[in-house]
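Coordinate analysis (summary)
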Amino acid sequence: MQHLLTDPQKAKHAEFKNFVALNVEPFAEAWDREQRIPDHVISKLAAAGYLGPTLPRDYGGQDWDVVTFGLLNEALGRGSSSLTGVLTVQSMVSMALAKWGTEEQKKIWLPPLAKGEMIGAFALTEPGAGSAIHSLATEFTRSSGRNSLVLNGTKRWITCAQRAGVFLVFGKLEQRSVACLVPRDTPGLQIEPIDDLMGFRSAGLAQLVFSDVEVPVANIVGKPGFALSHVAPVGLQYGRISTACSALGLLRGCFEESIAYAAVRKIDERTVGEIGMIRSLIARMGTDLEAGGLLCHKACRTEDDHLPEVFENTLMAKYFTSIAAVKAASDAVQIRGASGVHGSSPVSRFYRDSKIMEIIEGTSQIHEELLGKMFVDRAHRLPK
Amino acid sequence: MTSSSAAQESVVKDTVRRFILSSVNVVDLKDDDHLFESGLVNSLFAVQLMTFIEKTFAIEVGMDDLDIENFKSLNAAAAFVVRKNGARAG
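So, here is what we can say about the structure in this document. (Residues numbered from 1 in each chain as written. Chains lettered and ligands numbered in written order. Predicted model: local features only at pLDDT ≥ 70, side-chain atom pairs only at ≥ 80, totals over all residues. Heavy atoms only, no water.)

As a further point, take the overall build of chain B. Each helix and strand counted, chain B has three helices and zero strands in total. Each helix (α) and strand (β) of chain B, taken in turn from the N terminus, gives the series α-α-α. Along the longest, intermediate and shortest principal axes, the C-alpha atoms of chain B span 35 × 30 × 20 Å. For chain B, the residues scored as buried account for 46% of the 90 residues in total. In chain B, the share of contacts with a sequence separation of at least 24, taken over all contacts with a separation of at least 6, comes to 56%. Counting every atom, chain B has about 4500 Å² of accessible surface; 52% of that belongs to carbon and sulfur. With 9 positive and 13 negative side-chain charges, chain B shows a spacing of 6 Å between the two charge centroids. (Helix = DSSP H or I, 4+ residues; strand = E, 2+ residues; numbered from the N terminus. Buried < 20%, exposed > 50% of the residue type's maximum accessible area, 1.4 Å probe, protein only. Contact = heavy atoms within 4.5 Å. Areas by Shrake-Rupley, 256 points an atom, 1.4 Å probe, with all protein chains shown as cover. Lys, Arg positive; Asp, Glu negative; His and termini not counted. Charge placed at Lys NZ, Arg CZ, Asp CG, Glu CD.)

This part takes up the interface of chain A and chain B. Opposite the 20 residues of chain A that make contact, chain B presents 24 residues. Buried area between chain A and chain B, both sides added, is near 2000 Å², and the carbon and sulfur share of it is 66%. Three residues, A:Trp100, A:Pro308 and A:Arg381, lead the burial of chain A against chain B; their summed loss comes to 27% of the area buried on that side. There are one salt bridge connecting chain A and chain B. As a salt-bridge pair, B:Glu54 and A:Lys99 come within 2.4 Å of each other at their nearest N and O atoms. Summed over the shared surface of chain A and chain B, the result is six residue pairs in polar contact (both at pLDDT 80 or more). Taken together, the elements giving at least two residues each to the side of chain A that touches chain B come down to helix H5 (81-100), helix H7 (227-264) and helix H11 (364-379) of chain A. (Buried area = accessible area lost by both parts, 1.4 Å probe. Salt bridge = Lys/Arg side-chain N within 4 Å of Asp/Glu carboxyl O. Polar contact = N/O pair within 3.5 Å; in protein donor to acceptor, adjacent residues only side chain to side chain.)

Listed below in C-alpha cells is the structure:
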C-alpha cells in the first residue's frame, strides 16, 4: 500500500509509528492491566496534534487529509486499541459538530476538542438500542417557560465516557430524533464506569444515566428530525474509518509478532517458520494485511474526495479488517503456543481486543446486512 | 424564474436523477416524486445524496439547509442547488 501514499503521508506515518514505539507499545500492557490510560499519555497525544487531526486549522485542528487520519489510527492501533478508541470518539464528536454545528457552537467547542483540552464521547448506544439506533428511548422534552430541554434516559457502552468532558447525546424530542451536546458537569448526569471488559480494557467505557438533566436549546446539533439521518452518519463514518484502520494496525501487530517469533523459535532443528502449517497461517495474515490496507486506503481516499461511495467503501474496510484482525490474533496466539496466552506477549491482548473491533461501530452482522443488500440490489441495475 | 436558472435546474435534475437511478432500484423517477415518503430511498441514502450534491455542484450543505423540503424531490433538490449557487454568486 506504500506506493499509494504521497511523500508527506509516508513521513507522517513514520512519525506516528515512532510516537507509538516510544510512547504506547512499552506501556500498553500495563494500561490494560490497570484498566486506565494515564492522563499524561492523553496530554502527549494532544500536544502532538493527534486529537484534532482532521479539524480545520481555523478551529485549532491539523486539517490533515483522511488518508493521514487513517495512518494515525493504524499506527496507534498497532500499539493499543484502547488508546485509539480515544481518537475514534474524539473524531466522531468533533467531525459531526464541524459539519452540523452552528458557528457559535463551533467557536465554543471545537478549539478545546482540537487541542485535546477536552475529550468528546458519542452517546448513541442504549441498553435497548445497540445497532438498532432507531429504537432510542432517551427523551428530550421542552422545559416550560425556559429556553432549555430536559433530558432523561440511559446510554451504555460509551467509549471514553469516564474521561470525556462533553457528550454528544442522541435521543428523541417530540418524536423526532435529536442530537445535543451535554457537558460532563451538568447536574443530573451520573457516570458509572464499566470495568472488567474482555478487551478494550483501558478505553474508559461507562454508562450514562440522565435524570432530569437540563441543557440549553442552543446545544442542539443540527435540527430535530435529522439526528439519525444526517448527524449520526457523519460521526459513524469517522468512527468506522478509525476502527477499520485501528484493526488494520492490530493486524500488523499480529503479523510482525508472528514472523519475528517464527524466524527464531526452534523446534528440534527447525524454526517454527519452516513448518508448512505455520507458513499457511502467516501467509493468510500477510495477505489479509495487504488487502485490508488497500480497502482502508480506498475508504480514506473516497472520504477525502467526498464521493458518495465512501459509505460502502468504509463499511467494506471495517467489515474486512475487523474480521481479519480476529483471525490474525487467534493465529498469532496459536503460533506462539503457551507464551501467546500470557500477558508478557502483546498477542494475548490483541486476541482480546480484536473481538471488540467486530462489535463497535456496527457489528459484523450489521455490516453484512447492509453490504449484502447493496450488492444484491446491484443485480437489478445490471445491463439486460 | 429566469431562463438561466430554469436551464440550471434542468441540468441539476437530470444529473441527480441519473445518480439516484444508478444507486437504487427504481425504473423511473418523476420530477415531483417524493424520494423519502414514498420509500424510493431509505434514510441511509440521505447522506449519500447530500454528499453527491455537495461534490457535484460544489456547494456545502450546512445546518441551516437541513430541511426535508430541500431534498424531498428532484424539483426540490434542483431549486435548492440553484438557490445555493445564486447565494454564493451574489
